[in-house]
Amino acid sequence: MEENKKRMLSGIQPSGDLHLGNYLGAIKNWAERVDDYECYYFMADMHTITVRQVPADLRKRSLNQLAQYIACGLDPEKNTLFLQSHVPAHAQLGWVLDCYTMFGELSRMTQFKDKSAKHKDNINAGLFTYPALMAADILLYQADYVPVGEDQKQHIELTRDIAQRFNSIYGDVFKIPEPLIAKTGARIYGLTTPNDKMSKSIPEGCVFIMDDPDTINRKFKKAVTDSDTENPVRFAPEEKPGVANLMNIYSTVTGKSFEEIEAEFAGKGYGAFKPAVAEAVIESLRPIREEAERLIKDKAYLEDVYRKGAERASYIANKTLRKVYKKVGFYQI
Ligand code: ATP
Ligand code: LTN
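In this report, we go over the structure that sits alongside the text.

### Remarks on the site of ligand 2
Moving on, step 1. If you check the shell around ligand 2, you find 15 residues, and the closest are Gln 13, Tyr 130, Met 134, Asp 137 and Gln 152.
Moving on, step 2. Between ligand 2 and Asp 137, the relevant distance is 2.7 Å, taken from a nitrogen atom to a side-chain nitrogen or oxygen of the residue.
Moving on, step 3. Within the side chain of Gln 152, a nitrogen or oxygen atom sits 3.0 Å from a nitrogen atom of ligand 2.
Moving on, step 4. Under a 2 Å grid-point criterion requiring more than half of the atoms, the pocket assigned to ligand 2 is the largest pocket.

In structure tokens form, the structure reads like this:
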């Protein structure tokens, strides 16, 4: 890997199966940038246990997610792909940064407020200090850019504040990272809930990357539209959010503009439009699903990928960690 390329880093929690929102909003953009940046992408399994998990499921999802990253176009020869828990430096720097992150700052995080409201019986310290571990994930690699969806912006801003605080005490230890938020596909809405983002917590309106064609067809058939018969397929997000969402999906997977889509379906109804969107999604996900299914069976290959990934990631991460340990005054061996 070339030293002078800018660094890009991001992670997704293996808390469920990857869906069309994750793919169009995040991973597709990661894969398109591979040649211009030095890229690090990981499974944020340590973050995932802030909410109680079934251990066997978490293990399986972590490996499946790695297979899906590769199938989505993240070539392990060009990207460093790894599991967070395989690189101990994340936990080690996470602890140090806990001591440089304020209670008040953590209390203001909307993800903490949302998740603690959702899981009232398990408001654990990890859920609270989650953003300091996320800051460690990013700062360990001296990342220039962090490609994420809109919802993660607040965490990146806190990461920048923590890095600046640390640097102002100890000198230039951390690169100050910037969030990178996609312009198209950044917000895919649920097929049955066109005012809420597509989410695994509403599975009937959520298209999973591993769904078979019949399932995808069925989900699109049930997609919420409206009763407009005059001029149904036109882009009017306020007035017709369901149709706008379908047009956005169709446009992102086919590359067609909204005008082209309107022209294609002029004089036609949802009976023609919905199956066309379903078909385009099926065809764009088909190679990904087939490749992921093949890779999931090839455990030896996946093991080779995550071992090499952890080794490459550890090399960079440990360099930063050693510097931090020295700066804060830990006695060196
Ligand atoms: P949940 O399904 O529980 O809401 P999630 O699918 O959003 O979770 P995350 O781990 O929070 O999972 O998201 C992983 C990445 O995918 C993030 O960068 C996030 O911004 C992006 N993302 C998630 N859902 C969408 C969506 N509907 N549209 C666009 N991007 C999304
Ligand atoms: N918090 C993120 C996942 C995440 C992440 C990161 C993203 C953990 N560490 C570092 C970017 C960089 C989420 O919930 N989507």
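### Focus: the nonpolar core
Moving on, step 1. Membership of the largest hydrophobic core comes to 58 residues, with the highest contact counts inside it found for Tyr 69 and Phe 273.
Moving on, step 2. Of all the elements, helix α12 (residues 270–297) adds the most residues to this core, at 11 residues.
Moving on, step 3. Contacts of Phe 273, omitting those with residues within four sequence positions, involve Val 233, Val 243, Leu 246, Met 247, Ile 261 and Phe 265.
Moving on, step 4. Core analysis: the next-biggest nonpolar cluster, separate from the first, contains 40 residues, Ala 135, Ile 162, Ala 313 and Leu 321 among them.

### Some remarks on the side chain of Gln 65
Moving on, step 1. Locating Gln 65 in the fold gives a position in helix α3 (residues 55–71).
Moving on, step 2. Here Gln 65 falls in the buried class, since its relative accessible area comes to 2%.

### Side note on the site of ligand 1
Moving on, step 1. Around ligand 1 sit 18 residues, and of these His 19, Gly 149, Asp 151, Ile 188 and Lys 197 come closest.
Moving on, step 2. A total of 600 Å² of accessible area belongs to ligand 1 in isolation, and the protein chains cover 87% of it.
Moving on, step 3. Judged by its atoms lying within 2 Å of the grid points, ligand 1 is housed in the largest pocket.
Moving on, step 4. Among the elements that line the shell around ligand 1, the one with the most residues is helix α1 (residues 20–32), at 4 residues.
Moving on, step 5. Its residues placed into classes, the shell around ligand 1 shows 6 nonpolar, 8 polar and 4 charged.

### A short note on the pattern of salt bridges
Moving on, step 1. If you walk through the whole model with that rule in mind, you get 16 salt bridges.
Moving on, step 2. Note that Asp 35 is salt-bridged to Lys 78, the shortest N-O span being 3.5 Å. On the criterion of sequence distance, the pair formed by Asp 35 in the loop between α1 and β2 (37–43) and Lys 78 in the loop between α3 and β3 (79–83) is long-range, its members being 43 residues apart.
Moving on, step 3. The residue Arg 294 makes a salt bridge to Glu 291 at a minimum N-O spacing of 3.0 Å. Remark: Glu 291 and Arg 294 occur in helix α12; sequence separation between them is 3 residues, near one turn of the helix.
Moving on, step 4. Accessibility expressed as a relative area gives 46% for Arg 294, which makes it partly exposed.
Moving on, step 5. Taking the relative accessible area as the measure of exposure, Glu 291 reaches 27% and is therefore partly exposed.

What counts, and where the lines are drawn
Residues numbered from 1 in each chain as written. Chains lettered and ligands numbered in written order. Predicted model: local features only at pLDDT ≥ 70, side-chain atom pairs only at ≥ 80, totals over all residues. Heavy atoms only, no water. Near = heavy atom within 4 Å. Polar contact = N/O pair within 3.5 Å; in protein donor to acceptor, adjacent residues only side chain to side chain. 1 Å grid on protein atoms, 1.4 Å probe; cavity = no way out; pocket = protein on both sides within 12 Å on 5 of 7 lines; lining within 4 Å. Sits in = over half its atoms within 2 Å of the grid points. Core = buried A, V, L, I, M, F, W, Y, C linked by side-chain atoms within 4.5 Å. Buried < 20%, exposed > 50% of the residue type's maximum accessible area, 1.4 Å probe, protein only. Helix = DSSP H or I, 4+ residues; strand = E, 2+ residues; numbered from the N terminus. Contact = heavy atoms within 4.5 Å. Areas by Shrake-Rupley, 256 points an atom, 1.4 Å probe, with all protein chains shown as cover. Nonpolar A, V, L, I, M, F, W, Y, C, P; charged D, E, K, R; others polar. Salt bridge = Lys/Arg side-chain N within 4 Å of Asp/Glu carboxyl O.

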